[in-house]
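Letter by letter, the chains look like this.
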Amino acid sequence: MRNIQKLFITVFFGFCGIIGILTLDNDIAKSDIEKRELSVFPDLKLKRLVEDRYLNNITNAFSDQVQFRGAFVQNNFKFLHNILNQNYLNTTVVGKENYLFREPEIISDWSAYETELKKCAELINKEAKKVREMNPDCKFIYINYPRKDLVMQKYLPSTYPSSVNDYKKAISILKRNLSNDVIMIDAYEVFKRAGVQNECYYRSDHHVNEIGQQEIYEELMRVIQKYSKAKIPVYTLNDYNMREVMVAGSFDSQIGNILKNEKPKEFMISSFKKNISFVRYDNGKKKDSRLFKKQNDYLTYMGGDIRETVIKTQNKDLPTVLYTGSSYTNLLETLTVPSVGKMIAVDYRYGQKEKTLPKYIKKYNVDYCILVPNQSDQMFSYEALKTHLGK
């Protein structure tokens, strides 16, 4: 019996040692499964071993770089979900019919949150003023998207708390503090009026789908038409060729791709039925003019997140629009292209913040500057707002 114990202990510590050695040799920058950047081991410096921050970096790196981590992430949630009937892992929650959501956002201090909202409004107002000073005819449009759980309540787990009242209270505070230089589109109200609640977000992702973005596009075109002398052409999803697909969303990848073997239940745009002639530049270089790629994720539209895209269409008499935001704008940008003369899209998360919005306004004589600062985990975020305004 004692020999068996010794053998077990030897094998156990030998296995741990091998895993440790393999882990220390890893240098993986990004997790394709979790769709996030990973911590890597810092350079070894003996003098820094007494620093808490240095030791924390090593701990985080070991957690992210541990050998076979990808397989563990994939199988861990399957075990918790299928065997233990747990419907969450870290920040991802599994709802009815396997709709995936971010964990609830709980606002515990409304006084502090109201201060944050007022700071957001002040920052938006300042940028709108700068834009109008650069071009008095340019309209500054702010589009705010709600979190997925606000409008997809049909699929929420029974224990998931509703945040509708919190959103209404927060958006009311924000609207009261916005200046007259800002035209606001509240996507929550747009979805509600259109009756597309429970239809407007992807099952496995935090992004708004084709149904939802079509409604926002049409609302945006109504606003633009109000101030434009030219007749703005507006298209529907019937003007596009669609393909059935099982969308590979970021929420699903974070919990081990539990949906990847399901039959396709959603549709993505594959092409525009009408021939639209345009020239495209990404980060100053002329690129392939395709707006759509045959993929099963959000990279289908605009080729994914790009620092700067400029598209010039054949519609020279139509307005010039500028988008600043994150991946929330990719599909909206795609739908916008046939309805404008020129479309510029900026994602300040990828650097070059010296090119400010007012500079873009001046360079391209922009008629409509459109801000979309949304993230997946918060209704409103001052830090995210700063990022998407190039601050």
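See the structure above.
Here the structure is a predicted model, which means the values were calculated and not measured.

Student: Outline the sheet that holds strand 15 (residues 368-372), supporting the account with residue identities and numerical values.
Tutor: Sheet architecture is open: eight strands sit in the order 7-6-15-13-14-12-10-11, paired in mixed fashion. A single partner strand is all that each edge strand has here, and the edge strands are strand 7 (182-186) and strand 11 (285-287). Averaged over neighbouring strand pairs, the angle between their axes works out to 20 degrees when direction is ignored. As defined by bridge partners, strand 10 (residues 278-282) adjoins strand 11 across three bridges and the pair is classed as antiparallel. Of the residues in strand 11, the one forming a bridge with Arg280 is Lys287. Across the sheet, helix 6 (residues 164-177) lies against strand 6 (139-144) and strand 7, angled at about 170 degrees from strand 7, the strand it touches most. Helix 8 (residues 210-227) contacts strand 6, strand 7, strand 13 (320-325) and strand 15 of the sheet and is inclined by roughly 155 degrees relative to strand 7.

Student: Go over the state of the cysteines, please, and point to the residues and values.
Tutor: Here the structure, examined in full by the defined rule, presents zero disulfides. Between Cys369, a free cysteine, and Cys138, which holds the nearest cysteine sulfur, the sulfur-to-sulfur gap is 5.6 Å. Here Cys369 falls in the buried class, since its relative accessible area comes to 0%.

Student: Explain the pairing of strand 15 to me, using residue names and the numbers behind them.
Tutor: Among the five residues that make up strand 15, five are buried, leaving the element largely enclosed by the rest of the structure. Of the two faces of strand 15, both are covered, the one formed by Tyr368, Ile370 and Val372 as well as the one formed by Cys369 and Leu371. Where strand 6 and strand 15 come together, four bridges link them in parallel fashion. Paired with Phe140 across the bridge in strand 15 is Cys369. Note that strand 13 and strand 15 share five bridges and pair parallel. Looking at the pairing, Gly325 lines up with Val372 of strand 15.

Cut-offs applied
Residues numbered from 1 in each chain as written. Predicted model: local features only at pLDDT ≥ 70, side-chain atom pairs only at ≥ 80, totals over all residues. Heavy atoms only, no water. Pairing = 2+ DSSP bridges. Helix = DSSP H or I, 4+ residues; strand = E, 2+ residues; numbered from the N terminus. Axes fitted to C-alpha atoms, helices over the stretch in contact; angles between N-to-C directions. Contact = heavy atoms within 4.5 Å. Disulfide = S-S within 2.5 Å. Buried < 20%, exposed > 50% of the residue type's maximum accessible area, 1.4 Å probe, protein only.

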